Amino acid sequence: MIIEESNAMLPFCEGVAKIQCTKNNVGESQNVSHPEAVSVSVYTSHALSSESSGTVREKWTRNIEFLLSCVALSVGFGNVWRFPYTALNNGGGAFVVPYLVVLLVVGRPLYYLEMIVGQFSSRGCVKVFDMCPLMRGVGVGQTITMFTIIGYYAALLSLAIRYFVDSFQYTLPWSVCQPDWDCVDSSKASIHISNSSTTKPSAEFYFTRVVTNHSPDLNNGIGIPNYQLVLCLLVSWILITVLVIKGIKSSGKASYFLAIFPYVILFGLLIRSVTLDGAFDGIKYFITPQWGMLLDTKVWYEAISQCFFSLTVGLGAVIVYSSFNNFSNNIYRDAMIISWLDTFTSMLSGVIVFGVVGNVAYITKKNVTDVMKGGPELTFVVYPDALAKMPTWPNFISMMFFFMFILLGLGSNMGIVTTILTSIKDRYPRVTIWKVVVAISVAGFSCGLVYISPGGFHVLDIVDYYGVTFPTLILVVLETFTFCWLYGVDRICIDIKFMLDIKTGVFCRVCWGFLTLSILLIITCMQIFRYEAKKVPVGYNAFGWSLFGVTVLQVVGWAIYTTAKQPKSCSIYDNMRGAIQPTVDWGPESEKMKRDYDTLIANYKIDRNRVETLRARLFNKIFK
């Protein structure tokens, strides 16, 4: 900020630089004629510097820990059970086209952008909106969304633990029918070797009647969870707590195993999958495009949703992980590695899943579409059914598969808890880490009990749509608008140059400035027009909309609150301008770098205003 020699005082309110808009403090002729000339970053002796306050942010021990933690976060449930089924329902091989396009112009630019702002500011997903306090509610909404996700992610993890333990039994318990089940043994090589009147496999009955006691609808409530699943859920949260109890010091070390070992199992499953009878029929179905579906907007919406789920974009976790980086870490390299690896993992999982499904279809004389199931049933019905049919070592392969699923779940849940933990720690830095982690774990365990109840998967579907998928789309639009328009692409490019000493290319500028946000807005509008209520009792849809309201509408509440905290003598327009400006301490964590950065921004503002003044004078001369 450029302060005139008249020593006009500029008061501060909650860390945001304010312009006193009264005639007594600022004369009519003083510097209000060019409000954009006011620098958005102020360094004073009482600025809130992390070094001067004695609170230096924790850092990754090695850069590889950050890279592997991001891999463990991004490569998870979304790749193994969401991508294959989404691809099947949206054109098979044709779905890969919109998925790669969306990844190129939406997913990867946003992933890189979130890494930039996190590493540059050393702030979590809420505190990072110090760049534009008016939109702080976006970060709060992302934290709420993450807490919503962790409830059912941990529940899915508990199911994997249950199946992992069951795999140690001499005979896989889901491979044979119980006397009261009208089904076919999953271990049978043919559906005709049975006196059953149906062709449902025993793995499906085991999942619905033994593990979850699945209820067909919600008319009678959600029911009471199985005590064995409650114990598995408790184990899940104990494992998550242990991994995160010391912050990134413990989670960073765990990432070496959580990120690398699943690939060992995945490649082993790939070899086994492609060697099964009928596997290539399933894989062919996966890669065969249905080009007509490219014109369906639902396919593009699903591509964006899958991109968010697989990369964990728009949820704040990427910002949090990168905020623990050293200031000069090559974030561009890391963003490219992780995004390509995530895409590769999704395709790899698709080949494995459809290879297994092709084998089941071959044995049972069914079509691939009849065998394939979506959501958790893919992992806990289709896979167990296929594992029971393995001619050799079915127990060992089953153990390895569910162990891999547990590792993927732990990596994802670890990142989600770290995101929530960081949001709380940024706001209350003196709170002990272990106390926050234990509180999150207790709350997450309590929420998880709903999803392991007989009607839990119906609730999961509602919560996933109203509380995660739809709100995430809205929040990522607001996040992109904040970073690229309110803060500005030019300012981001200056930050990148200052931090990494690299010049931002035209492609990133175009994506950030126009293309990415345009695509997100179009898809969001289309999704709103295509909305259909879930076929559940009215009360559950009302609950879903309430969850959506809490997640999204609080953004408006934070904006009103931030604007109201501006000087009372200012107009609403001036209050809004003040709320959009970065806070006084916005910038690098280092005090020395903060001073250099403030000087750079001040000079940039002066140069820009000179150009704008010359343009205005030239315009007046031409059209006078």
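Quick caveat, the model's predicted, so the values are computed rather than measured.

Assigned secondary structure in the protein chain consists of 21 helices and 2 strands. Every one of the 624 residues in the protein chain was classed for burial, and the buried ones make up 57%. Intrachain contacts of the protein chain at a sequence separation of at least 6 include 83% that bridge at least 24 residues. As presented, the protein chain carries roughly 26,500 Å² of accessible surface, and 65% of it is formed by carbon and sulfur atoms.

What the rule picks out here adds up to 15 salt bridges. Arg123 is the salt-bridge partner of Asp130, the closest N and O atoms lying 3.0 Å from each other. By the burial criterion, Asp130 is buried, and Arg123 matches it. Between Arg595 and Glu591 there is a salt bridge, with its nearest N and O atoms 3.2 Å apart.

Further remarks concern the packing of aromatic side chains. Each aromatic ring pair is described using two quantities: the centre-to-centre distance and the angle formed by the ring planes. For the coordinates displayed, the defined rule picks out 46 aromatic pairs. A centroid spacing of 6.2 Å and a plane angle of 85° characterise the contact between Trp60 and Phe324, whose relative ring orientation is edge-to-face. With a gap of 264 residues between them, Trp60 in the loop between strand E2 (16–17) and helix H1 (63–74) and Phe324 in the loop between helix H10 (317–322) and helix H11 (331–364) connect regions that are remote in the sequence. Judged by relative accessible area, which is 5%, Trp60 ranks as buried. On the basis of relative accessible area, Phe324 is assigned to the buried category, the value being 7%.

Each disulfide consists of one covalent bond between the sulfur atoms belonging to two cysteines. Per the stated rule, a full pass over the model turns up 1 disulfide. Sulfur-sulfur distance for the disulfide between Cys177 and Cys183 comes to 2.1 Å.

It is worth spelling out helix H5 (residues 202–211) at this point. Extensive coverage of H5 is indicated by the burial of 8 of its 10 residues. Inspection of H5 places Ser202, Ala203, Glu204, Phe205, Tyr206, Phe207, Thr208 and Val211 among the buried residues, and these make up the whole buried set. The inward-facing, buried residues of H5 contact helix H4 (136–166), helix H6 (227–244), helix H13 (376–388) and helix H16 (456–500). Directly beyond the C-terminal end of H5, a positive phi value near 50° is found at Asn213.

It is the contact of H1 with H11, at a shortest axis distance of 10 Å, that shows an interaxial angle of 30°. Considered as vectors, H1 and H11 are oriented roughly parallel to each other. Regarding H1 and H11, the two cross each other, and that crossing is right-handed. Residues Phe66, Leu67, Cys70, Val71 and Ser74 of H1 lie in contact with H11, whose contacting residues are Ile331, Asp334, Ile337, Ile338, Leu341 and Asp342. Its residues assigned to classes, the contact of H1 with H11 comprises 8 nonpolar, 1 polar and 2 charged.

This part is about the environment of Ile528. Tracing the backbone through its elements, the reader meets Ile528 in helix H17 (residues 506–529). Between the C-alpha atoms of Ile528 and Phe470, which are 58 residues apart in sequence, the distance is 9.0 Å.

Along the chain, the position of Asp334 falls in helix H11. Here Asp334 falls in the buried class, since its relative accessible area comes to 2%. Side-chain polar atoms of Asp334 contact the side chain of Arg333, separated by 3.2 Å. Leaving out residues up to four positions away in the same chain, Asp334 has contacts with Phe66, Leu67 and Asn329.

Among the surface-exposed residues, Tyr227, Leu231, Leu234, Ile238 and Val242 lie close enough to one another that they form a single nonpolar patch of about 520 Å² accessible area. Within the fold, Leu234 resides in helix H6. Taking relative accessible area as the criterion, Leu234 reaches 40% and is therefore assigned partly exposed.

With that settled, the discussion passes to the packing of H4 against helix H19 (residues 554–564). Between H4 and H19, the shortest axis-to-axis distance is 8 Å and the interhelical angle comes to 145°. As for the relative orientation of H4 and H19, their crossing is right-handed in sense. Residue-level inspection shows Arg136, Gly137, Val138, Val140, Gly141 and Ile144 of H4 in contact with H19, the latter providing Gln554, Val555 and Trp558. Counted by class, the contact of H4 with H19 contains 5 nonpolar, 3 polar and 1 charged residues.

Positionally, Tyr332 belongs in helix H11. A residue is classified by how much of its surface remains accessible, and Tyr332, at 37% relative accessible area, is partly exposed.

A few words now on unusual backbone geometry. In this structure, Ser122 takes a positive phi of about 55° despite not being glycine. Tracing the chain through its elements places Ser122 in the loop between helix H3 (93–121) and H4. Taking the relative accessible area as the measure of exposure, Ser122 reaches 9% and is therefore buried.

On to helix H7 (residues 248–274). Taking 1.5 Å of rise per residue, the 27 residues of H7 would be expected to cover 39 Å, and the 38 Å separating its terminal C-alpha atoms lies within 8% of that figure. Its maximal kink placed at Ala254, H7 deviates by approximately 35°.

For Asn329, the position within the fold is in the loop between H10 and H11. Put simply, Asn329 and Phe120 are 209 residues apart on the chain and 9.9 Å apart in space, counted from C-alpha to C-alpha. Leaving out residues up to four positions away in the same chain, Asn329 has contacts with Asn63, Phe66, Gln119, Asp334 and Leu500. Of note is the side chain of Asn329, whose polar atom sits 3.1 Å from the side chain of Asn63.

On to the confidence of the model for the protein chain, then. A residue-level look at the protein chain finds 86% of positions with pLDDT of 70 or above and a mean pLDDT of 81. Mean pLDDT per element in the protein chain: strand E1 (residues 12–13) is the minimum at 30, and H6 is the maximum at 94. Confidence over residues 1–54 falls short of pLDDT 50; this stretch has 96 contacts with residues more than four positions distant or in other chains. The model gives residues 191–196 a pLDDT under 50, and that stretch makes 11 contacts with residues more than four places away or in other chains.

About the thresholds
Residues numbered from 1 in each chain as written. Predicted model: local features only at pLDDT ≥ 70, side-chain atom pairs only at ≥ 80, totals over all residues. Heavy atoms only, no water. Helix = DSSP H or I, 4+ residues; strand = E, 2+ residues; numbered from the N terminus. Buried < 20%, exposed > 50% of the residue type's maximum accessible area, 1.4 Å probe, protein only. Contact = heavy atoms within 4.5 Å. Areas by Shrake-Rupley, 256 points an atom, 1.4 Å probe, with all protein chains shown as cover. Salt bridge = Lys/Arg side-chain N within 4 Å of Asp/Glu carboxyl O. Phe/Tyr/Trp six-rings, centres within 6.5 Å; stacked < 30°, edge-to-face > 60°. Disulfide = S-S within 2.5 Å. Axes fitted to C-alpha atoms, helices over the stretch in contact; angles between N-to-C directions. Parallel < 35°, antiparallel > 145°, perpendicular 65-115°, else oblique. Left-handed = near helix turned anticlockwise from the far one by under 90°. Nonpolar A, V, L, I, M, F, W, Y, C, P; charged D, E, K, R; others polar. Polar contact = N/O pair within 3.5 Å; in protein donor to acceptor, adjacent residues only side chain to side chain. Patch = residues over 30% accessible without salt bridge, like charges linked within 9 Å, V, L, I, M, F, W, Y side chains within 5 Å. Expected span 1.5 Å × (residues − 1). Bend = angle between axes of the 7 residues up to and from the residue. pLDDT = per-residue confidence, 0-100.

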